[in-house]
Amino acid sequence: MNDEALPYESILESGIRGLTATAVADGTPDDLNTLVQEATELAENLLTSLRHLNPPERPAACREGCAHCCRFQVTVTPPEALTLADYVRRHEPEAAVTALAETCRALAAAERGLDAAGRVRLKRACVFLKNECCTVYEVRPFACRGANATDDTQCARALDGEDINLSLYLHQANVMKAAARGLNHADDKAAGQLELTAATAIALSDETAADQWLEGAPVFAEARLPAQQFPGR
Ligand code: SF4
Ligand code: SF4
């Protein structure tokens, strides 16, 4: 639990943590999809309520085709990475899945060892970005759901390496971070603060990754980020 979390964040995080513990204890890979779906609904519903109670001062500048933030480092939890891989397998032909796994491995190798600033300097788009649109929007990670800058030129400047505090609706970022913490299973062996590309490479390259992770195997060890980088963008 994050000691600095506001009450609503703590309640959301605790609720999702309970769902995660149940899914991991009793689960199958399909249960992980359900877990991520339920966590997403809880987080989005809470965000809708917060928007009514405390409306944003300025609307988000986010729109289709705006994707500077899809070149930043993105963190994911194991359930999110496994759900993404399952989504890709269900929506793409086998050859496309194989090609995407190879693309992920290549980008993950380029990203390895980079911190968030180094990842920005790489200026490489997320593997799921096509024509400046997210191809996995339905199941995008919580880190992506939290992105909501009110000025896209700030995002562009951040991508150019400027040290800038983005103007945003903080509740959205906080809710999605709390949801991600809830999905981050407490068992050290299975827990993860994972980099999106590396985690996706692992989940796509091995069809048994979900079963192994549910059994407690450290399948995502190579994708792990230092704890202070989680959850982040
Ligand atoms: S966070 Fe910034 S770059 Fe990303 S969609 Fe929103 S305005 Fe565009
Ligand atoms: S998963 Fe989608 S929204 Fe997130 S960084 Fe990749 S392309 Fe962008």
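Treat the numbers as computed from the prediction; the structure is a model and nothing was measured.

The rules we used
- Residues numbered from 1 in each chain as written.
- Chains lettered and ligands numbered in written order.
- Predicted model: local features only at pLDDT ≥ 70, side-chain atom pairs only at ≥ 80, totals over all residues.
- Heavy atoms only, no water.
- Helix = DSSP H or I, 4+ residues; strand = E, 2+ residues; numbered from the N terminus.
- Rg over C-alpha atoms; globule rule 2.2 N^0.38 Å.
- Buried < 20%, exposed > 50% of the residue type's maximum accessible area, 1.4 Å probe, protein only.
- Contact = heavy atoms within 4.5 Å.
- Areas by Shrake-Rupley, 256 points an atom, 1.4 Å probe, with all protein chains shown as cover.
- Lys, Arg positive; Asp, Glu negative; His and termini not counted.
- Charge placed at Lys NZ, Arg CZ, Asp CG, Glu CD.
- Axes fitted to C-alpha atoms, helices over the stretch in contact; angles between N-to-C directions.
- Parallel < 35°, antiparallel > 145°, perpendicular 65-115°, else oblique.
- Nonpolar A, V, L, I, M, F, W, Y, C, P; charged D, E, K, R; others polar.

*Asks:* Got a sec to walk through the overall build of the chain? Specific residues and values, please.
*Replies:* Across its full length, the chain carries 10 helices and four strands. Its C-alpha atoms give the chain a radius of gyration of 17 Å, near enough to 17 Å, the size a compact globule of 233 residues would have. The principal-axis extents of the C-alpha atoms in the chain amount to approximately 45 × 35 × 30 Å. Across the 233 residues that make up the chain, the buried fraction comes to 48%. The contacts in the chain between residues at least 6 apart in sequence include a share of 80% that link residues at least 24 apart. Total accessible area computed for the chain in this model is approximately 11,600 Å², and 51% of it derives from carbon and sulfur atoms. Of note, the chain has its 22 positive side-chain charges centred 6 Å away from the centre of its 34 negative side-chain charges.

*Asks:* If you had to explain the environment of Gln172 to someone new, which residues and values would you point to?
*Replies:* Structurally, Gln172 can be placed in helix H8 (residues 170–183). Given a relative accessible area of 9%, Gln172 falls into the buried group. Sequence-wise, Gln172 and Leu82 are 90 residues apart; in three dimensions their C-alpha atoms are separated by 24 Å.

*Asks:* An account of the packing of helix H1 (residues 7–26) against helix H2 (residues 29–53) is requested, with residue identities and associated values reported.
*Replies:* Two elements in contact, H1 and H2, have axes separated by 10 Å at closest approach and are oriented at 170 degrees. With respect to H2, the element H1 is oriented roughly antiparallel. Contact with H1, carried on its side by Tyr8, Leu12, Ile16, Leu19, Thr20, Ala23 and Asp26, involves Asp31, Leu35, Glu38, Ala39, Leu42, Ala43, Leu46 and Leu50 of H2 and no other residues of that element. Of the residues contributing to the contact of H1 with H2, the split by class is 11 nonpolar, one polar and three charged.

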